[in-house]
Amino acid sequence: MTDHTLTVAGVSVDTRHWIGGERVASGETFTDVSPIDGSVIGEISRGTATEAAAAVAAAKAAFPAWAATPRAERARILHAVADGVEKRLEELAVVETTDNGALLRSHRRGVMPRVAHNFRFFADWLLKLDHEDFETRGHTNHVSWDPAGPSVLITPWNAPLMLATWKVAPALAAGNTVVLKPAEWSPLTASLLADIAAEAGLPAGVLNVVQGYGSEIGDALTSHPDVRRISFTGSVPTARRIAASAAANLTPLSLELGGKSPLLVFADADLDLAVDLAVEQYDNAGQVCLAATRLLVEESVAEEFTRRFVDKASTLKQGDPRDEATDIGPTVHPRQLEKIDGFVRRAVAAGARAVIGGRRKDGQYYAPTLLTEVAQDSEIVQEEVFGPVLTLQTFTTEDEAVRLANDTRFGLAATLATGDHERAARVTARLVAGTVWVNCFFVRDLQAPFGGSRHSGVGREGGTWSFDFYCDLKNTVTAPKGWKDHG
Ligand code: NAD
């Protein structure tokens, strides 16, 4: 065991970058800390412009051969990566939980199987990616998806490997090579992914992983002239910096950003279902971009809804995310905890009432919180908290519900609880949101377009939309044999 290997929950994790099929250390490191108890996990190589340039150069060198690799062979290797993820599922789950504090039971049963599925889905989709040829005055039009080139993928900490592979898998399937930069608060599973990909036979340089602070390594990646695509999931302020940096080369961007999504509860809803949907918003300690953090409840049922919500929320068990019985784990980092606490304090100072929660607990834990008496234009209603904090407002008409739902700068998702399908169709048509769930939440299929409107993002990914983003689409027009007329 070298200095560069950590043992995390019994699993060996290399702390160096993965560039051109080799482990590369930086002189400087940053400290990775577990949110579970604040203990130091270890020192991680801290990349700078030097490592960024080396990783992009490796991706550039590997690109022609990978792009020319037959689709079936690319798909075979991606399935082998999925096999490796499944084989190491338990290791990935415990390392991820140690690193970002999300529930181990979710990692085991939902998240890591989904990581493997990301690879399988895009491998299979690649094989059926096609567009029927069509004719123009006897000429044949043939549409092809040409791999775009080296792609920089930058990801956040709230679902590290899930969100990384949601980008890595389609980028690789498309024939692109990749430089992945995981978040500095949760870098470990990206390093394990590099090992798994290498074992699966992914050629050197096709997947590169560089670690470090976005402020130190980010610009060098996003302003690099050899980078052909940038896909980013994270916050709006970072997205602005990346967009400005990418502007130098007009590098196409995919941006998956924040949200302030509503859950609309109509009086005709199954109230128990509505309460279940509302309480589910505390998952991952509320650190979910899609979370419906604004409960908009029809006034005639608001009191009853609130009573049942409080009853249900009081049964949630908060504690160690490794414990199978735990429902809510810690927040990811002391800075995140501070941020959440600041939002709630300012809201209460401005007149909000904490029906439950509204306070920090020991360690990095924040009590699940419901705030009422909040104004529509207040910070707590308009800004993303990214913690276990929900607001509740009431409405009396469908028009008012839609107006409140749409009245933020975001447009990522919306959830409706209603027993009236005609109402659901009417309201859905008027909502600004990339995804609308009716009487359900978080049901996601990789075939569906995913993304946000307004400040929640730019572009859509999923199914063919992912290939559209990661490829240069080409239309080839061929004249019929013997054709002479150029008119
Ligand atoms: P963040 O923007 O602070 O960081 C995200 C990533 O960007 C990290 O890897 C970080 O190192 C990197 N980064 C920071 N500065 C950079 C720069 N100048 N250049 C390049 N990279 C840079 O976001 P976060 O706090 O890690 O994540 C939380 C945010 O992510 C929330 O707003 C949440 O809503 C959003 N999110 C969105 C989705 C979605 O699919 N829409 C999913 C999950 C999270």
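Residues numbered from 1 in each chain as written. Predicted model: local features only at pLDDT ≥ 70, side-chain atom pairs only at ≥ 80, totals over all residues. Heavy atoms only, no water.

- Taking an unreviewed UniProt entry as the reference, the protein chain is identified by name as Aldehyde dehydrogenase belonging to Streptomyces aquilus.
- If you open the UniProt record of the protein chain and go to Sequence similarities (unreviewed entry), you find "Belongs to the aldehyde dehydrogenase family." (UniProt positions renumbered as here; feature names shortened; annotations may be inferred.)

### A closer look at the packing of aromatic side chains
- Considering all chains together, one arrives at 15 aromatic pairs under this definition.
- Look at Trp157 and Phe386: their rings are 5.4 Å apart centre to centre, the planes differ by 75°, and that puts the pair in the edge-to-face class. Placement of Trp157 in the loop between strand 9 (151–154) and helix 5 (160–173) and of Phe386 in the loop between helix 12 (379–382) and strand 18 (389–395) is noted, with a sequence separation of 229 residues between them.
- Relative to Tyr470, the ring of Phe469 has its centre 4.8 Å away and its plane inclined at 75°; by these criteria the two rings are edge-to-face. Here Phe469 and Tyr470 have matching classes, each one buried.
- Connected via pairs of aromatic rings, a cluster forms that spans Phe121, Phe122, Trp125, Trp166, Phe450 and Phe467.
- Note that Arg444 overlies the ring of Trp166, its terminal NZ or CZ placed 5.0 Å from the centroid.
- One cation-aromatic arrangement involves Arg444 over Phe450; the distance from NZ or CZ to the ring centre is 4.0 Å. (Phe/Tyr/Trp six-rings, centres within 6.5 Å; stacked < 30°, edge-to-face > 60°. Helix = DSSP H or I, 4+ residues; strand = E, 2+ residues; numbered from the N terminus. Buried < 20%, exposed > 50% of the residue type's maximum accessible area, 1.4 Å probe, protein only. Lys NZ or Arg CZ within 6 Å of the ring centre and 35° of its normal.)

### Overview of the UniProt feature "domain: Aldehyde dehydrogenase" (unreviewed entry) in the protein chain
- Under the present numbering, the feature "domain: Aldehyde dehydrogenase" (unreviewed entry) in UniProt falls on residues 27–475.
- Between the C-alpha atoms that bound residues 27–475 there is a distance of 48 Å. The span itself is 43% helix and 18% strand.

### Details of the state of the cysteines
- Counted by the stated rule, this structure contains zero disulfides.
- This cysteine, Cys440, is not joined by any disulfide, and Cys289 carries the nearest cysteine sulfur, 16 Å off.
- Its relative accessible area of 24% is what places Cys440 among the partly exposed residues. (Disulfide = S-S within 2.5 Å.)

### Digging into helix 7 (residues 214–222)
- All of the buried residues along helix 7 are Ile217, Gly218, Leu221 and Thr222. The buried side chains of helix 7 occupy one side of the element, clustering within an arc of 120° when seen end-on.
- Considering only its buried residues, helix 7 is in contact with helix 1 (49–68), strand 9, strand 10 (178–181), strand 12 (229–233) and helix 8 (236–246). (Arc of directions from axis to C-beta. Contact = heavy atoms within 4.5 Å.)

### A word on unusual backbone geometry
- Residue Arg137 is not a glycine yet carries a positive backbone phi of 45°.
- Checked against the element boundaries, Arg137 lands in the loop between strand 7 (134–136) and strand 8 (139–147).
- The class for Arg137 is exposed, based on a relative accessible area of 59%.
- Positioned with a positive phi, Phe386 is a non-glycine residue whose angle comes to about 60°.

### Some points on helix 15 (residues 463–470)
- Residues of helix 15 that are buried include every one of Gly463, Ser466, Phe467, Phe469 and Tyr470, and no others. One face of helix 15 carries all of its buried residues, which in axial projection span an arc of 160°.

### Notes on the domain arrangement of the protein chain
- Entries for the protein chain in the domain assignment read domain 1 (5–257 + 452–475) and domain 2 (262–438).
- Using only C-alpha atoms to locate each centre, domain 1 and domain 2 end up separated by 31 Å.
- Facing 24 residues of domain 1, the contacting portion of domain 2 comprises 31 residues.
- Summed over both partners, the interface of domain 1 with domain 2 comes to about 2400 Å²; 53% of that surface belongs to carbon and sulfur atoms.
- For domain 1, the biggest contributors to the area lost against domain 2 are Ile36, Trp185 and Arg454; these three give 26% of the whole. (Domains from an automatic or database assignment. Buried area = accessible area lost by both parts, 1.4 Å probe.)

### Section: the site of the ligand
- In the region of the ligand, 28 residues are neighbours, and Lys181, Glu184, Ser235, Leu257 and Glu384 sit closest.
- At 3.0 Å, a side-chain N or O of Trp157 approaches an oxygen atom of the ligand.
- One of the side-chain N or O atoms of Glu184 is found 2.6 Å from an oxygen atom in the ligand.
- Alone, the ligand offers 850 Å² of accessible surface; in the complex the protein occludes 90% of this.
- Taken atom by atom, the bulk of the ligand overlaps the largest pocket.
- Of all the secondary-structure elements, those providing two or more residues to the shell around the ligand are helix 7, strand 12 and helix 8.
- Looking at the shell around the ligand residue by residue, the classes come out as 13 nonpolar, ten polar and five charged.
- When we break the shell around the ligand down by domain, the ones giving at least three residues each are domain 1 (5–257 + 452–475) and domain 2 (262–438). (Near = heavy atom within 4 Å. Polar contact = N/O pair within 3.5 Å; in protein donor to acceptor, adjacent residues only side chain to side chain. Areas by Shrake-Rupley, 256 points an atom, 1.4 Å probe, with all protein chains shown as cover. 1 Å grid on protein atoms, 1.4 Å probe; cavity = no way out; pocket = protein on both sides within 12 Å on 5 of 7 lines; lining within 4 Å. Sits in = over half its atoms within 2 Å of the grid points. Nonpolar A, V, L, I, M, F, W, Y, C, P; charged D, E, K, R; others polar.)

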